[in-house]
Amino acid sequence: MMFFIELRNELLQNVQNLEKEDILLLEGKLIFPKKDKADIVKEYLAEKLNGTHKVEQTVPRVWAHWKQEYESELYLRKLQ
Amino acid sequence: MQKYKRNLDAIDHSQSKYENQEGMHTHPYDPQLLDEVREDFFKPRTCKEFLEWVDTHPHYDTVAEASSQYIRGTNQDEAFWNCAEIDTDWKSIMHKVSGYATENRIDEDFNTDYTEEWRIHDLGDTQETFVPFRHNSELDNQRKHGFEKQYQLIEVTLTDIFPELKAVENLFDMQWVKTDINYQPTSGAFPRHVDFLTTQLKMAVEYDPEIANAKYNPLTKQPEGWHLKRVLVACDNWYPGQMFGFEEHNWSNWTAGETIDFSWQHCRHFTANSGYNARPLLKITGLVRDDHWLAQREFKRFKL
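From a predicted model like this one, the values you see are computed outputs, not experimental measurements.

*Asks:* Help me out: how do you make sense of the packing of aromatic side chains in this one?
*Replies:* How two aromatic rings sit relative to each other is set out by the distance from centre to centre and by the angle between their planes. All names here are of chain B. Inspection of every chain in the model, using the stated rule, returns 21 aromatic pairs over all chains. Their ring planes at 5° and their centres at 3.8 Å tell us that Phe 50 and Tyr 216 sit as a pair that is stacked. With Phe 50 in helix H2 (residues 47–55) and Tyr 216 in strand S5 (residues 216–217), the pair connects residues that are 166 residues apart, well separated along the chain. One exposure class covers both Phe 50 and Tyr 216, and it is buried. Ring plane angle 15° and centroid distance 5.0 Å describe the contact between Phe 244 and Phe 246, whose orientation is recorded as stacked.

Shown next, in the form of structure tokens:
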């Protein structure tokens, strides 16, 4: 199984200018305070998972009880 | 059944305080808060230390959510997988289970309020050697969202009512094993969650110093050197309306004897019975070593 903390460590090592706080997890989706960070992670994941998964990018709903706002989220869709 | 609510105010929570507790129990959980709780969860602990930490934690529901590392898009066979097929007289077993349910008014008196466990059978003296675990914040959170009836547990291991099912339990050769019938009457629904299997771990920690002092691995959520396993055995064929989900995957159309293993640690799972037949699953939980066939992800066929 792909674990979030392992995936995040991989991204931190391989994607330039990405910090730990740039990428968080919410209910199986990667969620980003800044869209530009999501964009470069999307590019990395699309290449890594080419042929097995589609990387979906959406705008998350931001809830009043959250401490900060989020501009983008990514999730994977397994290709049949 | 006597109502049971833990007096958590009487416990020192200083080790589990977070700077900002606003929105702590509100869905969807704050991603930043989850990251903070996840870091706390990953601090090195022995199994005994971990149990003391989580058992008294005022935000158990948030810890559980933070402990999940699931990424959407994970293959179905990593969420749940068939591990065994058990050929036995399920028809007569179901006759007995249904008779027991009728006799004890399990369907009619379906109630899962703050009780020690959602159990039907009075365990009497044997209760002393069994430590139930159901955390206030988990139940509070479920009830806040309208989930008031989840499922009932019918005891197998500690009673002599279902020797046929104890024989099924023995097939899996687990240590510190505990088996119940997870009986979900119609209208029952258990919202999405991940587990810690704390009841089994607690039993092992209380009686086995090796496990008590073993390192708790927060990634696998089990003692180093051990696999905590929970398998589910269908006691009856699937009826339309019975739902068992594992994030974006679903287990359905099962036949009696079909047995699955699953990622209880990371893959949020949920059940509902929107059909018109009760849904009994045998739930077998225990510890195995690395060389056990379940840990090796082998598939076995049994005949009893």
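Now that the structure has been shown, we can carry on.
*Asks:* How do you make sense of the pattern of salt bridges when you look at a structure like this?
*Replies:* Opposite charge on two side chains permits them to pair, given that their charged atoms come into close proximity. Within this structure, the stated rule accounts for 25 salt bridges over all chains. In this structure, Arg 268 of chain B engages Glu 65 of chain B in a salt bridge whose closest nitrogen and oxygen atoms are separated by 3.0 Å. Residue Arg 268 of chain B is located in the loop between strand S10 (258–262) and strand S11 (269–273), and its partner Glu 65 of chain B is located in helix H3 (residues 60–67); the two are separated by 203 residues in the primary sequence. Across this residue pair, the class does not change: Arg 268 of chain B and Glu 65 of chain B are buried. With a closest N to O distance of 3.1 Å, Glu 247 of chain B and Arg 192 of chain B form a salt bridge. Within this pair, whereas Glu 247 of chain B is found in the loop between strand S8 (242–246) and strand S9 (249–251), its partner Arg 192 of chain B is found in strand S4 (residues 189–193), the two being separated by 55 residues in sequence. The exposure class assigned to Arg 192 of chain B is partly exposed, which follows from its relative accessible area of 34%. Put simply, Glu 27 of chain A together with Glu 65, Arg 192, Glu 247 and Arg 268 of chain B are held in one network by salt bridges that share partners.

*Asks:* How do you make sense of the interface of chain B and chain A when you look at a structure like this?
*Replies:* Accessible area lost on assembly of the parts is the figure often given for the size of an interface. Counting residues at the interface gives 32 residues for chain B, matched by 27 residues for chain A. Buried area between chain B and chain A, summed over both chains or domains, comes out near 2700 Å², and the portion from carbon and sulfur atoms is 57%. Counting the contacts that link chain B with chain A gives four salt bridges. A salt bridge links Glu 27 of chain A to Arg 192 of chain B, with the nearest nitrogen and oxygen atoms 3.3 Å apart. Linking chain B to chain A there are 14 residue pairs in polar contact (both at pLDDT 80 or more). Here the side of chain B that touches chain A gets eight residues from one element, more than from any other, and that element is helix H1 (residues 31–41) of chain B. Its residues assigned to classes, the side of chain B that touches chain A shows nine nonpolar, 12 polar and 11 charged.

About the thresholds
- Residues numbered from 1 in each chain as written.
- Chains lettered and ligands numbered in written order.
- Predicted model: local features only at pLDDT ≥ 70, side-chain atom pairs only at ≥ 80, totals over all residues.
- Heavy atoms only, no water.
- Phe/Tyr/Trp six-rings, centres within 6.5 Å; stacked < 30°, edge-to-face > 60°.
- Helix = DSSP H or I, 4+ residues; strand = E, 2+ residues; numbered from the N terminus.
- Buried < 20%, exposed > 50% of the residue type's maximum accessible area, 1.4 Å probe, protein only.
- Salt bridge = Lys/Arg side-chain N within 4 Å of Asp/Glu carboxyl O.
- Contact = heavy atoms within 4.5 Å.
- Buried area = accessible area lost by both parts, 1.4 Å probe.
- Polar contact = N/O pair within 3.5 Å; in protein donor to acceptor, adjacent residues only side chain to side chain.
- Nonpolar A, V, L, I, M, F, W, Y, C, P; charged D, E, K, R; others polar.

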